[in-house]
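Residues per chain, in single letters:
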Amino acid sequence: MKLNSPFLIILLVNFIFLSLKWIISFYESDETLITSILINTKDIQYYPLIISLSELNFNQTFLEYYNDTKIIPLPLASLVAHSIFYKLFNIYSFIILEYIFHSLLIFILFNIIKKIFDSSSIATLFCILIYIIILFLKTISNFVEPQIFNKLYDLLSENFGTRTPRPLVTGIFYFSFLYYIMFFEEKIKNKLDYNYIFKITLLLGLLANSYIFLFIHSFIFLLIFSFKIIGTKLIA
């Protein structure tokens, strides 16, 4: 995956898109910075975990009547970056990482589309259309009664949005896996590429620790591609 001029256009669009979201949030409401961040990044149940991890506290239950001193399993893979940045930049870390992670997410998506169509122009258009459609659905859902627009918006937001950590972080793991799985036959068919196997295994591990649904989805993809290669070799 390489940077190129078409993607720099996408990067600029992404920066403008996110900046407008935060500017509108800050200047058209009476919310404090903390409240605004909580509203815009969603999934607030993860914030206590992020703060605990930043303090290297691995056994905080946050339950009044249950205070187990054992280490509690946490989705570390999707929270560790936010924990480190929170330690360094406090509440501003959520805004900083949103710009970084969403740019990376779009970068990976751009390369997937480019690989499929062998065209940077199509990949650029596809990514820009995602922003346009999300803005359109978000706007029209505020004025039109049918829930279909809300559902379509939620569908896009769940996969390409900025909610922390899903899909902001887990989307990076998932789309990275999809990108690498596109080279599966090429890397496995004749001779095992151990560096490639390591990347696939690492991404599956990150998904398993972050979001089990996406891990299962990715693992099924891996099985399908594996059976396809096995079947091809048996026929040959």
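Rules behind the numbers
Residues numbered from 1 in each chain as written. Predicted model: local features only at pLDDT ≥ 70, side-chain atom pairs only at ≥ 80, totals over all residues. Heavy atoms only, no water. pLDDT = per-residue confidence, 0-100. Helix = DSSP H or I, 4+ residues; strand = E, 2+ residues; numbered from the N terminus. Expected span 1.5 Å × (residues − 1). Buried < 20%, exposed > 50% of the residue type's maximum accessible area, 1.4 Å probe, protein only. Contact = heavy atoms within 4.5 Å. Polar contact = N/O pair within 3.5 Å; in protein donor to acceptor, adjacent residues only side chain to side chain.

A. Spotlight on the confidence of the model for the protein chain. Chain-level pLDDT for the protein chain is 83 on average; 85% of the residues reach the 70-or-more range. Across the protein chain, the element-wise mean pLDDT spans from 75 in helix α2 (residues 33-41) up to 95 in helix α8 (residues 170-181).

B. Main features of helix α6 (residues 120-140). With 21 residues, α6 ought to run about 30 Å at 1.5 Å a step, and its terminal C-alpha atoms sit 30 Å apart, in line with that. Every buried residue of α6 is accounted for by Ala 123, Thr 124, Cys 127, Ile 130, Tyr 131, Ile 134, Leu 137 and Ile 140. Its buried side turned inward, α6 meets α1 (5-27), α5 (93-117) and α7 (148-160). One side-chain oxygen of the residue at the start of α6 lies 3.4 Å from the amide nitrogen of Ser 121, identifying that residue as Ser 119.

C. Main features of unusual backbone geometry. Following Thr 164, the chain continues into Pro 165 via a peptide bond in cis, with omega recorded as -5 degrees. The residue Pro 165 is located in the loop between α7 and α8 in this model. Cis peptide bonds are those with omega within 30 degrees of zero, and the linkage from Arg 166 to Pro 167 qualifies with 15 degrees. Here Pro 167 lies in the loop between α7 and α8. You will see that Asn 90, though not glycine, has its phi angle at about 55 degrees, which is positive. Looking at Asn 90, the relative accessible area reads 43%, which means it is partly exposed.

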